[in-house]
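# Commentary on secondary and tertiary structure
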Amino acid sequence: MAAEMVAPACMHEQITAEQYDSWSEDQCAGIEIVDGMIVVSPSASMRHNRLARILANALDTAGGADWNADTDFDVRLQDVPLTNRRPDVVVYRADTIDVTPTRPEHVLLIAEIVSPGSETTDRIVKADQYARSGIAYYWRIEGSATGAPLVYTHVLDPATRTYRNAEVFVGVLDTTAPFPVKLDLGRL
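Conventions and cut-offs
- All chains use their own residue numbering, which begins from 1 and follows the written sequence.
- Local features in this predicted model are restricted to residues whose pLDDT is 70 or higher, and side-chain atom pairs enter the listing and the counts only when it is 80 or higher, whereas totals over whole chains, interfaces and linings include all residues.
- The side-chain numbers reported here are obtained from all heavy atoms of the structure, hydrogens and water having been left aside.
- Just to be clear on terms, a salt bridge is a Lys or Arg side-chain nitrogen sitting within 4 Å of an Asp or Glu carboxyl oxygen.
- Think of it this way: any DSSP run of H or I at least four residues long counts as a helix, any run of E at least two long counts as a strand, and we number them from the N terminus.
- Working definition: with a 1.4 Å probe on protein chains only, accessible area under 20% of the residue-type maximum means buried, over 50% means exposed, and in between means partly exposed.
- Here a polar contact is recorded for every N or O atom pair within 3.5 Å, except that within protein the pair must consist of a potential hydrogen donor and a potential acceptor, and residues adjacent in sequence are included only if both atoms are side-chain atoms.
- In this analysis, two residues are considered to be in contact whenever any of their non-hydrogen atoms come within 4.5 Å of each other.
- Strands are labelled as partners when DSSP assigns at least two bridges between them.

### Structural notes on the pattern of salt bridges
Should their charged atoms come close, side chains of opposite charge can pair. Across all of its chains, the model carries 13 salt bridges by this definition. Of the charged contacts, one joins Lys-126 and Glu-32 as a salt bridge, the two residues approaching to 3.6 Å between their closest N and O atoms. Residue Lys-126 is found in helix 4 (residues 119-132), and its partner Glu-32 is found in strand 1 (residues 31-34); the two are separated by 94 residues along the sequence. The buried category is assigned to Glu-32, whose relative accessible area is 5%. Linked through salt bridges whose partners overlap, the residues forming this network are Glu-32, Arg-85, Glu-112, Asp-122 and Lys-126.

Structure, rendered in structure tokens:
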């Protein structure tokens, strides 16, 4: 007889910012909170995690002393109802490294790597949430038929709080460029 999985009670009720802040780092790992509800994502593939790490390292180098880039990092988009996202890569002001929670005003750029099953969330839902919260730049990275990543860049229009499409690049990052990173990639 197979045992049935029972979701914890907290997955069926809204979580407040105070409750979330009282949880341990282990309890927060691998989850996001959207409109107060817990969202659990499947574990990312090794390829996904490697691309996130490479991108974060390149952006961290390009950011110099003023900006940090990290993976597995919470960004508090709003307190009520709680919306706490965990983007694949976050570029944030270095002087806010010890400030928790990290808020949109600390963040310059968020990058999401699209995986099977996350297409709609990464292309539409998260982009809309990040734009409404005022994050200046959003990059969406997708695989291509050749295996090279495609980087879709979006820039915030502060008047409408929506992203406008910028450029699409393919290839590798130029970590010697000044920050904000100018990609030295082949344009599509």
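### With respect to the side chain of Arg-85
Along the chain, the position of Arg-85 falls in strand 5 (residues 83-85). A polar contact of 2.8 Å, which involves the side chain of Arg-85, links it to the side chain of Gln-129. Not counting the four nearest positions on each side in its chain, Arg-85 is found in contact with Glu-32, Val-34, Phe-73, Asp-74, Val-75, Leu-77, Thr-121, Val-125, Lys-126, Gln-129 and Tyr-130.

### Some points on the pairing of strand 7 (residues 107-113)
In terms of burial, strand 7 is largely enclosed, as seven of its seven residues are buried. Of the pairings in the sheet, the one linking strand 6 (residues 89-93) to strand 7 comprises four bridges and is antiparallel in character. Residue Val-89 lies in a different strand from strand 7, and its bridge partner there is Ala-111. Strand direction decides the pairing type here: strand 7 and strand 8 (residues 137-142), joined by five bridges, are parallel. Paired with Leu-109 across the bridge in strand 8 is Tyr-137.

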